Amino acid sequence: NGMSGNKCSTGRWKYLTQKEATDLDIDLFNEYKFSVDQLMELAGLSVAAAVAKTYPPHTHESALIICGPGNNGGDGLVAARHMALFGYTVAVHYPKRTAKPLYENLLEQCKRFDVRIIDELPPATELKNSYKVLVDALFGFSFKPPVREQLKPALDALINSDVPVCSVDIPSGWDVENGPGSEPALKPSLLISLSAPKLCAQPQYLQDAKHYLGGRFLPPGIIAKYNLTLPPYPGQEQMKPALLHFHINQAGIDLNTEIPLQADAMSMPGDRSLKDERRNLYICVRVEELG
Ligand SMILES: NC(=O)C1=CN([C@@H]2O[C@H](COP(=O)(O)OP(=O)(O)OC[C@H]3O[C@@H](n4cnc5c(N)ncnc54)[C@H](OP(=O)(O)O)[C@@H]3O)[C@@H](O)[C@H]2O)[C@@H](O)CC1
Ligand SMILES: [K+]
């Protein structure tokens, strides 16, 4: 039936290496003259929008955002403010603060939006009772495993929480290129890749997670330089369900696959005939949205 193995991907999109992600970031600032604040605002806004689409405030009112010391944490602070505007009750845990005006200002803004800053994380059971959704803004594409002692409790809280975790750009603790590894790792239920997905966002690592693309700010020159093939954003949206992962049920076998959304109809659950571009054949699938 052309679907040997248990994975099927059309392999249409480009996934960045860690070095490409870093170089692209540097180009945006040095060559394309963006400031960090600008891109962080757009990144954080798209994170908040993707979280609200997946776990809306009327069902997941109470949110905890765990922020790390780098720009990934900055994205989390921005998302916290936007989520407060969207109607969530938001708390932020920010255990290793960076003494730079950008981060100090973002934190102050959070406080002015009634975001609660919590210095100690509660134990897992209490965390589960207090929050309906977590945002993982601990580490982004500059992370090098293994996690050091100081931030291990924050990572462990995300791993052991038993609450849906929405990861910003990279699931924290994962190798940016090689995914979760063999140790017990974070299993996010939503990943928001920023600007372009990194190698760890491939479906074989992400498994049942929803996957959005956000950070809609790449100039055409960057797209050309890095040979980026990315799904087009619809209209004025800040984020896009780029690489939704569906359960495929064929002849009683559950397959986990990745299907790029070419038409809106594809995002609806139901039976479909889909073209597997790589193998150039059509497969009959049942599309069930996860999560
Ligand atoms: N172009 C884009 O798409 C844009 C991307 N943006 C965002 O920026 C993110 C990348 O940000 P980033 O480069 O500041 O690094 P990030 O990953 O947050 O963390 C570095 C920090 O973690 C630390 N650390 C590292 N390893 C560690 C370990 N094992 N254990 C403990 N700590 C460890 C490291 O500490 P250090 O090693 O330096 O002491 C440093 O403090 C990116 O993913 C996206 O979210 C947007 O904001 C704007 C445009
Ligand atoms: K993260």
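Each chain has its residues counted from 1, following the order in which its sequence is written. Ligands are numbered from 1 and chains lettered from A, in the order in which they are written. At least 70 in pLDDT is required for a residue's local features to be given in this predicted model, at least 80 for side-chain atom pairs to be given and counted, and no such filter applies to totals for whole chains, interfaces and linings, which use all residues. Hydrogens and water are ignored here; the side-chain numbers use all heavy atoms of the structure.

1. Overview of the sheet that holds strand E9 (residues 239-240)
For clarity, the threshold we go by: Strands are treated as partners if at least two bridges between them are detected by DSSP. Secondary structure elements follow DSSP: runs of H or I no shorter than four residues count as helices, runs of E no shorter than two count as strands, and numbering proceeds from the N terminus.
Ordered in space as E4-E3-E2-E5-E6-E7-E8-E9, the eight strands form an open sheet in which the pairing is mixed. What marks the edges here is a single partner per strand, and that holds for strand E4 (116-117) and E9.

2. Quick word on the pairing of strand E8 (residues 210-214)
This is how the line gets drawn: Between buried and exposed lies partly exposed: a residue is buried under 20% and exposed over 50% of the maximum accessible area for its type, with that area taken using a 1.4 Å probe on protein chains only.
Most of E8 is tucked away: five of the five residues are buried. Every second residue of E8 is oriented toward a common face, with Lys 210, Tyr 212 and Gly 214 on one face and His 211 and Leu 213 on the other, all of them buried. As judged from the five bridges shared by strand E7 (residues 190-194) and E8, these two strands associate in the parallel manner. Residue Ser 193 lies in a different strand from E8, and its bridge partner there is Leu 213. In this structure, E8 lies alongside E9, joined through two bridges in antiparallel fashion. Each residue of the ladder has a partner; that of Leu 213, found in E9, is Lys 240.

3. Considering the site of ligand 1
Let me state the cut-off plainly: Proximity criterion: a residue is near a molecule or strand once any of its heavy atoms comes within 4 Å of it. Side-chain atoms alone can form a polar contact between residues adjacent in sequence; in general such a contact is a pair of N or O atoms within 3.5 Å, and within protein one must be able to donate a hydrogen while the other accepts it. Surface accessibility in these figures is a Shrake-Rupley result with a 1.4 Å probe; residues are shielded only by whichever protein chains are displayed. Just so you know the grouping, Ala, Val, Leu, Ile, Met, Phe, Trp, Tyr, Cys and Pro go in nonpolar, Asp, Glu, Lys and Arg go in charged, and all remaining residues, Gly too, go in polar.
Neighbouring ligand 1 are 22 residues, the closest being Asp 25, Asp 75, Ser 142, Lys 144 and Asp 169. Here an oxygen atom of ligand 1 sits 2.8 Å away from a polar atom, N or O, in the side chain of Asn 72. Considered on its own, ligand 1 offers 960 Å² of accessible surface; in the complex 83% of this is hidden by protein. Put simply, the parts of the chain that give the shell around ligand 1 at least two residues each are helix H1 (18-30), helix H2 (36-54) and helix H3 (71-86). Broken down by element, the shell around ligand 1 gets its largest block of residues, three residues, from H3. Residues of the shell around ligand 1, tallied by class, amount to 11 nonpolar, six polar and five charged.

4. Considering the coordination of the potassium ion (ligand 2)
To be explicit about the condition: Note that water is not among the atoms considered, so a metal site may appear incomplete; the donors listed are N, O and S atoms within 2.8 Å of the metal, with 3.2 Å applied to Na, K and Ca.
Around the potassium ion (ligand 2), the donor atoms from the protein are Asn 72 (OD1), Asp 136 (O), Asp 136 (OD), Phe 139 (O), Val 168 (O), Ile 170 (O) and Ser 172 (OG), and they sit 2.6 to 3.2 Å away. Within one chain, the residues donating to the potassium ion (ligand 2) are spaced in sequence as N-x63-D-x2-F-x28-V-x1-I-x1-S. By relative accessible area, Val 168 is classed as buried at 0%.

5. Topic: H1
Structural remark: α-helix, 3.6 residues per turn; residues separated by three or four positions point the same way. Where we set the bar: Expected helix span is taken as 1.5 Å per residue step, with the number of steps being one fewer than the number of residues. By definition in these notes, contact holds between two residues if any of their heavy atoms fall within 4.5 Å.
The end-to-end C-alpha distance of H1 is 18 Å, a good match for the 18 Å that 13 residues give at a rise of 1.5 Å each. Among the residues of H1, Gln 18, Ala 21, Leu 24, Asp 27 and Leu 28 are the ones counted as buried. Contacts made by the buried residues of H1 are with H2 and helix H8 (220-225).

6. Some details on the packing of H2 against H3
A pair of packed helices can be characterised by two numbers: the angle between their axes and the separation between those axes. The cut-off we apply is this: Working convention: axes come from line fits to C-alpha atoms, limited for helices to the stretch in contact. Angles between N-to-C directions cover 0 to 180 degrees. The cut-offs work like this: below 35 degrees is roughly parallel, past 145 is roughly antiparallel, 65 to 115 is roughly perpendicular, and the gaps in between are oblique. For a crossing to be left-handed, the near helix must be turned anticlockwise from the far one by less than a right angle; the clockwise case is right-handed.
It is the contact of H2 with H3, at a shortest axis distance of 7 Å, that shows an interaxial angle of 55°. Classed by the angle they form, the pair H2 and H3 counts as oblique. Of the two elements, H2 crosses H3, and the hand of that crossing is right-handed. Together, Val 36, Met 40, Glu 41, Ala 43, Gly 44, Leu 45, Val 47, Ala 48, Ala 49, Val 51 and Ala 52 of H2 and Asn 71, Gly 74, Asp 75, Val 78, Ala 79, Arg 81, His 82, Met 83 and Phe 86 of H3 make up the contact between the two elements. Residues belonging to the contact of H2 with H3 are distributed by class as follows: 13 nonpolar, four polar and three charged.

7. Quick notes on the confidence of the model for the protein chain
Our working definition: Each residue carries a pLDDT score, the predictor's confidence in it, ranging from 0 to 100.
Of all residues in the protein chain, 78% attain a pLDDT of 70 or more, and the chain-wide mean is 84. Taken as a whole, residues 1-10 scores under 50 in pLDDT and shows 28 contacts with residues more than four places along the chain or in a different chain. Low pLDDT (under 50) marks residues 243-266, which in the prediction has 81 contacts with non-local residues, meaning those over four places away or in another chain.

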